Amino acid sequence: MDTPILSDIRVLDNILAVNLNVTLWSARRKLTLEDFGPVDLPPEDLASLGSKRIAPPESLRIFGTLKARAFALLDRHGIRFLGGWAIPEDKATEIVQELTVIRDEFFACKEAFLAEYDGLVRDWIDRHAAWANILANATVGSDYVRSRLGFAWQFYKVAPLMGHPDAATMAASGLYEEVEQLGAALFTEIAKSADETWRKVYAGRTEVTHKALSPLRTMYQKLMGLTFVEPHVAPVAEILEMALSRLPRKGTIAGTDLLMLQGLVCLLRDPDALIEHSQKVIEGYGPATVLDAVLRAPLPAGDARDMDEMLDGPEGESLDVAPMPEPVAGARIPSMGLW
């Protein structure tokens, strides 16, 4: 990356750090030699036994879903930071309100699960009657399960270590290095989301509906909330805003409009190219110049995926953002050569 992307320590004045603690119970217990009776098993230094489920996994699935919703909420507004997230301070109230809704649903599901826990365990053992002995001996009480299901968070301000008597300790605190990477981390997260958007929404399409704009609007809102993190963020938000403003309000999106969106998503997939063209906006070229250029850039080949897989939630609920994907190993989108 030729253009340096280093966030200034003063961005801490505008962010809050968020730590999210969601604990789940797996309903698993360790298999033991006693579960199998007098059988010849390999020694422990060669192989280890696995685990057994003592309650139906489908009854616990909702808790994983709610945890994923909370992660998606924080990813939508913030940047991964210090084992949690850095979020704009002015978004704290909105985020707390949304987290509270998820937490309340989590606790309501927890109470409903615990109310029928004993019956669920009995039914589970009956479904696996041939193994009833190894299950019955491993069950735990509802009080134990209650202690294993939790949902909490902490918001806090982060400040550099100052006034310590040992200057070397202050210099080696590590916070400056973490803060410097915030801008680069933001562009990397945008690239991951754009890569998922390309593969599941835009690759191979000849037309899309306005539903396909949802991930782009989410990226735009995230960037707009974090413009203070690094000078190249605001120009990228401007490019997205102009692209969205060029589109028709109704009907399907095809032709030149779709090509513009496809080129824009491909640009967003490549942090180096995105920063390069953001720098051009800073130098006065304007976001319109970038959008005109992406129309001339070749698109990579790709297989179309089912867009609803990304844009629809459970039971047809429309989502604002897809879960943040893991980076594709070794992936590197060549620079689009717009300049």
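So, here is what we can say about the structure in this document. (Residues numbered from 1 in each chain as written. Predicted model: local features only at pLDDT ≥ 70, side-chain atom pairs only at ≥ 80, totals over all residues. Heavy atoms only, no water.)

Further remarks concern a nonpolar patch on the surface. Residues L259, L295 and L299 make up a contiguous nonpolar surface patch of about 210 Å² in total accessible area. Topologically, L259 is positioned in helix α11 (residues 255-268). Note on L259: relative accessible area 40%, which makes it partly exposed. (Patch = residues over 30% accessible without salt bridge, like charges linked within 9 Å, V, L, I, M, F, W, Y side chains within 5 Å. Areas by Shrake-Rupley, 256 points an atom, 1.4 Å probe, with all protein chains shown as cover. Salt bridge = Lys/Arg side-chain N within 4 Å of Asp/Glu carboxyl O. Helix = DSSP H or I, 4+ residues; strand = E, 2+ residues; numbered from the N terminus. Buried < 20%, exposed > 50% of the residue type's maximum accessible area, 1.4 Å probe, protein only.)

Turning our eyes to something else, we now look at the packing of helix α8 (residues 182-202) against helix α9 (residues 214-225). Axis separation between α8 and α9 bottoms out at 10 Å; the angle between their running directions is 170°. When the interaxial angle is binned, α8 and α9 end up roughly antiparallel. Across from L186, E189, I190, S193, A194, T197 and Y202 in α8, the residues of α9 making contact are P215, L216, M219, K222 and L223. Split by residue class, the contact of α8 with α9 holds eight nonpolar, two polar and two charged. (Axes fitted to C-alpha atoms, helices over the stretch in contact; angles between N-to-C directions. Parallel < 35°, antiparallel > 145°, perpendicular 65-115°, else oblique. Contact = heavy atoms within 4.5 Å. Nonpolar A, V, L, I, M, F, W, Y, C, P; charged D, E, K, R; others polar.)

Core analysis: the biggest nonpolar cluster contains 55 residues, and F81, L182, Y202, L216 and L268 have the highest contact counts within it. Residue contributions to this core peak at nine residues, all from α8. Counting residues in hydrophobic clusters, the runner-up holds 37 residues, among them L20, V22, A55 and L73. (Core = buried A, V, L, I, M, F, W, Y, C linked by side-chain atoms within 4.5 Å.)

Strand order across the open sheet formed by four strands is β4-β5-β1-β6, with antiparallel pairing between neighbours. The sheet is open, and its two edges are formed by β4 (79-81) and β6 (150-156), each paired on a single side. Neighbouring strand axes in the sheet, compared pairwise and without regard to direction, differ in orientation by 35° on average. Bridging between strand β1 (residues 15-23) and strand β5 (residues 84-88) involves four bridges; their strand directions are antiparallel. Looking at the pairing, I15 lines up with P88 of β5. In this fold helix α2 (residues 92-115) packs onto β1, β5 and β6, with an angle of close to 165° to the strand it touches most, β6. (Pairing = 2+ DSSP bridges.)

Turning to the environment of D257, a few remarks are in order. Tracing the sequence through the fold places D257 in helix α11. For the pair D257 and L295, spaced 38 residues apart in sequence, the C-alpha to C-alpha distance is 9.1 Å. Among all residues touching D257, those that are not within four sequence positions of it are R246, L247 and P248.

Attention now moves to the packing of aromatic side chains. Taken as a whole and judged by the stated rule, the model has eight aromatic pairs. Relative to W153, the ring of F151 has its centre 6.1 Å away and its plane inclined at 85°; by these criteria the two rings are edge-to-face. Here the aromatic residues W25, F63, F106, F107, F113, Y117, F151 and W153 are joined through ring pairs into a cluster of three or more. (Phe/Tyr/Trp six-rings, centres within 6.5 Å; stacked < 30°, edge-to-face > 60°.)

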